[in-house]
Amino acid sequence: MGVDGLLFVSLNALLVAVLLVAGVTKTVVPQPVRRAVEELFDGSANTVSTTAVRVFGVAEVLIGLGLLIPAARAATGFAVVGLGVLFALAGAAGRWRRSALPCGCLGGGPYPLGARNVLVGAAFVALGVLDVVAVPSGPAPEARAPAITAAATVLLCLWLHRRLAWRLLRPSTRPDPT
């Protein structure tokens, strides 16, 4: 299956950005994910440790970085499919159990496990399959992948934290103390 090189790299860059933001967030602030997963198991305390969430976050980051290596892309695609299935199952379980706790799964936000996770999981499965079976047609702009990924990561962070970013960018209404 032939795919336009720039489109292929751009889709992977977006996927890497999502994995980096989600993984780093889970590594730095694992409590929301831990509580959301525990809620799926009837609120059983200590079902999931913060260490397990952090390890999962590191795995997401490593899988994301693996997508930037052309020789590892197909193998990493299988890991992306696995993550997608896991996210979709967690989202379906959250929807079925009427999860109410924000999970912070995709880099923060007030959303509980549910339909959003199912959709993201389906997108991960589709992109992972594309990484496994697709061969870029023509010269793939591999040299641009890190730059596109960096731009996608910054834009994703700005979008996820747009209220905070807007407050920081807006001029202050406080009087000057001098």
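Not measured: the values here are computed from a predicted model.

Colleague: How should I be thinking about the overall build of the chain in this particular structure?
Modeller: When helices and strands are counted, the chain shows seven helices and two strands. Traced from its N-terminal end to its C-terminal end, the chain shows the element sequence β-α-α-α-α-α-β-α-α. Here the chain, with 178 residues, has 36% of them falling under the buried criterion. Pairs at least 24 residues apart make up 74% of the contacts formed inside the chain by residues separated by at least 6 positions. For the chain, the exposed surface amounts to about 10200 Å²; the carbon and sulfur share of it is 70%.

Colleague: What is the right way to read the nonpolar core from this model?
Modeller: Looking at soluble globular proteins, one finds that nonpolar side chains tend to be buried together. In terms of nonpolar packing, the biggest core is built from 27 residues, with L15, L19, L67, V80, L83, L113 and F124 touching the most fellow members. Put simply, the parts of the chain that give this core at least two residues each are α1 (5-28), α2 (31-40), α3 (50-66), α4 (73-96), α5 (115-133) and α6 (145-160). Among the elements that make up this core, the one with the highest residue count is α1 (eight residues). Not counting chain neighbours up to four residues away, the residues in contact with V80 comprise L15, I63, L67, F124 and G128.

Colleague: When you look at the state of the cysteines in this model, what are you seeing that I'm missing?
Modeller: Among covalent bonds in proteins, the disulfide is the one between the sulfur atoms of two cysteines. The full count for this structure, using the stated rule, is one disulfide. Two residues, C103 and C105, share a disulfide whose sulfurs are 2.4 Å apart. An identical accessibility class is assigned to C103 and C105; each is buried.

Colleague: What exactly am I supposed to notice about the confidence of the model for the chain here?
Modeller: As a note on interpretation, predicted positions should not be read in detail where pLDDT is low. Of the residues in the chain, 76% reach a pLDDT of 70 or more, and the chain-wide mean stands at 81. For the chain, the element scoring lowest by mean pLDDT is strand β1 (residues 2-4), at 58; α4 scores highest, at 92.

Calculation criteria
- Residues numbered from 1 in each chain as written.
- Predicted model: local features only at pLDDT ≥ 70, side-chain atom pairs only at ≥ 80, totals over all residues.
- Heavy atoms only, no water.
- Helix = DSSP H or I, 4+ residues; strand = E, 2+ residues; numbered from the N terminus.
- Buried < 20%, exposed > 50% of the residue type's maximum accessible area, 1.4 Å probe, protein only.
- Contact = heavy atoms within 4.5 Å.
- Areas by Shrake-Rupley, 256 points an atom, 1.4 Å probe, with all protein chains shown as cover.
- Core = buried A, V, L, I, M, F, W, Y, C linked by side-chain atoms within 4.5 Å.
- Disulfide = S-S within 2.5 Å.
- pLDDT = per-residue confidence, 0-100.

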